[in-house]
Amino acid sequence: MKILYIDFITGLGGSQISLYLIAKYLKDTNENNFVIVLPGKGEFYNKLKKDNINVEILNAINWRLWVKDWKGYVLGIISFLPRFLINLFRWIRYYREFRPDIIHININRLIEPLISAKILNIPVVIHFRDILDTMDYKFIFGEKLFFQIINFADSVIANSSTCKDHIAPFIKKPIFTIVNAIDIECYNKTSINKNDSLRKNSKIKIINVGGIQRLKNQKDFVEIAVKLLKEIKNIEFYIVGAVIDNNYYNLIKNLISKSGYSDHFILTGHIDDMASMLSKMDILVHNNVIESFGRVYIEAMGAGVPVVTYSSGPARDILSNGKAGILVAENNQKETPVMLHRAIL
């Protein structure tokens, strides 16, 4: 069976890491009859090429279909038809050349690949990894039409029960809940004994993981860190993740600079070996309440790192309603430092 995987992100987010792990597993088990298609080169492309995973580039993604302000809406309407038709032609031509038996669209914002597959009667699985209501960008023709198009797919994957509950009222096809792929074995190899580590270390290390963007809410992490530093000085705060939104990244840097505690913050950028990074940490704090999955919870537990997070749907699912981590009421900045203080002492 020939499988075609399609993604539209060139960087390395959770969705792309999951697809990479699936592809690596297929390659390691000699199931090489697949290709991953991306819109261009970048961190994701380079990682796939490094491991000799089949990857090709097809620049046929219409960004104008997703807008967040009136300017984007106007540009999208003006450019929609020619871009749509050109991309449709590119995908149809590519499908006819590759002749896939099935297509897996790795993220739910891709429209032209889905419609092109429907025209050629190729089975499609579409993977939902977003909660649409929480996204900055909206589909230009509205949510109703978006889901009508999504229903062209033969089946749908949701990456959590939270995600499934969100889309179930709009999807007429089978929905399968399959959590994001995580290589937990690498955490077993690097995990260290953390018994009493918070008391023995001269510096307590608290980490926040996620691409730098509003969705991940690093601003909240910095504000909580500053409150905690007023009581406990021997803490280092690590913000780990690639820069997704430059404006938001600059906001975070300015907030740290003006806090009076800039020497307590380390912004690392993207870290490839997350298992090794987490093994050096004492506590993970996650401030996102609107994502569909939380792979970082599983990664932290795999590395033996306690988790303090807001009580979102994925957090409750993964952390067993607080049995495997400390859950704080959503967006409660007053309670989070208190819970961190207890965890440290």
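Here, every reference points to the structure presented above.
Just give me the short version of the overall build of the protein chain, but keep the residues and values in it.
What the protein chain contains, in helices and strands, is 14 helices and 15 strands. For the protein chain, the C-alpha radius of gyration of 21 Å lies close to 20 Å, the compact-globule estimate for 345 residues. Along the first, second and third principal axes, the C-alpha set of the protein chain runs to 60 × 50 × 35 Å. A total of 345 residues make up the protein chain; the buried ones form 51% of that total. Long-range pairs, those at least 24 residues apart, make up 64% of the contacts in the protein chain with a sequence separation of at least 6. Of the accessible surface of the protein chain, which amounts to about 16400 Å², a share of 52% is contributed by carbon and sulfur atoms. Treating the 43 positive side-chain charges of the protein chain as one cloud and the 33 negative ones as another, the clouds have centres 3 Å apart.

Run through unusual backbone geometry, naming residues and quoting values.
Phi angles above zero are rare outside glycine, and R99 is one such case at about 55 degrees. Relative to the assigned elements, R99 resides in the loop between α3 (70-98) and β5 (102-105). R99 gets classed as exposed once you look at its relative accessible area, which sits at 63%. In this model, N121 sits at a positive phi of 60 degrees, which is unusual for a non-glycine residue. Along the chain, N121 turns up in the loop between α4 (112-119) and β6 (124-128).

Explain the sheet that holds strand β15 (residues 326-328) to me, and be specific about the residues and the numbers.
Judged by pairing direction, the sheet is parallel, and its six strands sit side by side in the order β12-β11-β10-β13-β14-β15 without closing on themselves. Each edge of the sheet is formed by a strand with only one pairing partner; in this case those strands are β12 (265-269) and β15. If you compare each strand with its neighbour and ignore which way they point, the axes differ by 20 degrees on average. Relative to β15, strand β14 (residues 307-310) runs parallel, the two sharing three bridges. Counterpart to Y310 in the pairing with β15 is V328. Here helix α9 (residues 218-229) sits on the sheet in contact with β10 (204-209), β11 (235-240), β12, β13 (283-286) and β14, set at roughly 175 degrees to β11.

If you had to explain the packing of aromatic side chains to someone new, which residues and values would you point to?
Summed over all chains, the structure comprises 14 aromatic pairs. Joined through ring pairs, the aromatic side chains of F80, F84, F128, F139, F141, F146, F147 and F170 make up one cluster. For K2, the ring lying beneath its charged end belongs to F98, and the centroid distance is 4.3 Å. Geometry around Y20 places K47 over its ring, the cationic atom sitting 4.6 Å from the centre.

Could you give an account of α4, naming the residues involved and the relevant values?
Here α4 lies mainly inside the structure; six of its eight residues are buried. Of the residues making up α4, those classed as buried are E112, P113, L114, I115, S116 and A117. Of the surrounding elements, those touching the buried residues of α4 are β1 (3-6), α3, β5, β6 and α5 (143-150). Backbone geometry just after α4 places N121 at a positive phi near 60 degrees.

Please provide a residue-by-residue account of a nonpolar patch on the surface, values included.
On the surface, W70, Y73, V74, I77, I78, F141 and L145 cluster together to form a nonpolar patch covering roughly 690 Å² of accessible area. In terms of residue count, α3 provides more of the nonpolar patch than any other element does, five residues in total. Mapped onto the fold, I78 is located in helix α3.

Quick rundown of the sheet that holds strand β2 (residues 34-38)? Include the residues and the values.
A sheet is described by the order of its strands in space; here seven strands give the open sequence β3-β2-β1-β5-β6-β8-β9, paired in parallel fashion. Two strands in the sheet have a free side with no partner beyond their single neighbour: β3 (55-57) and β9 (175-177). Averaged over all adjacent pairs, the angle separating strand axes in this sheet is 25 degrees, with direction ignored. One ladder, built from three bridges, connects β5 with β6; its direction is parallel. Bridging from a neighbouring strand, I103 pairs with V124 of β6. Lying over the sheet, α3 contacts β1, β2, β3 and β5, oriented at roughly 150 degrees with respect to β1.

An account of the pairing of β10 is needed here, citing residue identities and associated values.
Regular strands show a simple pattern: their side chains alternate between the two faces of the sheet. Extensive coverage of β10 is indicated by the burial of five of its six residues. Regarding topology, α9 serves as the crossover connection from β10 to the parallel β11, and that connection is right-handed. When β10 meets β13, the two strands line up parallel, connected through two bridges. Considered in β13, the bridge of I207 is made with L284.

Describe α5, and please don't skip the residues or the numbers.
Buried within α5 we find F146, F147, I149 and I150. On an axial view of α5, the arc spanned by its buried residues comes to 155 degrees, and they lie on one face. Close packing links the buried residues of α5 with β4 (66-67), α4, β6, β7 (138-139) and α6 (161-167).

Quick notes on the rules
For every chain, the first residue of its written sequence is number 1, and the numbers climb from 1 along that sequence. Confidence filtering applies because this is a predicted model: local features only for residues at pLDDT of at least 70, side-chain atom pairs given and counted only at 80 or more, and all residues used for totals across whole chains, interfaces and linings. Side-chain numbers here rest on the full set of heavy atoms in the structure, without hydrogens or water. Going along the chain from the N terminus, every DSSP run of H or I of four or more residues is numbered as a helix, and every run of E of two or more is numbered as a strand. Our radius of gyration is a C-alpha quantity, and the globule rule it is checked against amounts to 2.2 Å times the number of residues to the power 0.38. Three labels apply to residues, based on accessible area from a 1.4 Å probe with only protein chains included: buried if under 20% of the type maximum, exposed if over 50%, partly exposed otherwise in between. It only takes one pair of heavy atoms within 4.5 Å for two residues to be counted as in contact. Accessible surface is estimated by sampling points in the Shrake-Rupley manner with a 1.4 Å probe; for residues, cover comes only from the protein chains shown. Charge counting follows a simple rule: Lys and Arg are positive, Asp and Glu are negative, and His as well as the terminal groups are ignored. To locate a charge, take NZ of a lysine, CZ of an arginine, CG of an aspartate or CD of a glutamate. Only strands that DSSP links by at least two bridges are regarded as paired with each other. Lines fitted to C-alpha atoms define the axes here, with helix axes fitted over just the stretch in contact, and angles between the N-to-C directions of these axes take values from 0 to 180 degrees. Under the pairing criterion, centres of Phe, Tyr and Trp rings, with the six-membered ring standing for Trp, must be within 6.5 Å; the plane angle then separates stacked pairs below 30 degrees from edge-to-face pairs above 60, leaving the rest tilted. In this analysis the charged atom, NZ for Lys or CZ for Arg, is taken to sit over a ring once it is within 6 Å of the ring centre and within 35 degrees of the ring normal. Residues enter patches when they are more than 30% accessible in relative terms and free of salt bridges; like-charged ones are connected within 9 Å and nonpolar ones (Val, Leu, Ile, Met, Phe, Trp, Tyr) within 5 Å. By convention in these notes, a salt bridge is any Lys or Arg side-chain nitrogen within 4 Å of a carboxyl oxygen on Asp or Glu. Crossovers are marked right-handed if the path from the first strand over the helix to the second runs clockwise, as seen with the strands pointing away from the viewer. Each C-beta atom gives one direction from the helix axis, and the arc is the one those directions make.

As far as function goes, none of this settles anything; it's purely spatial.
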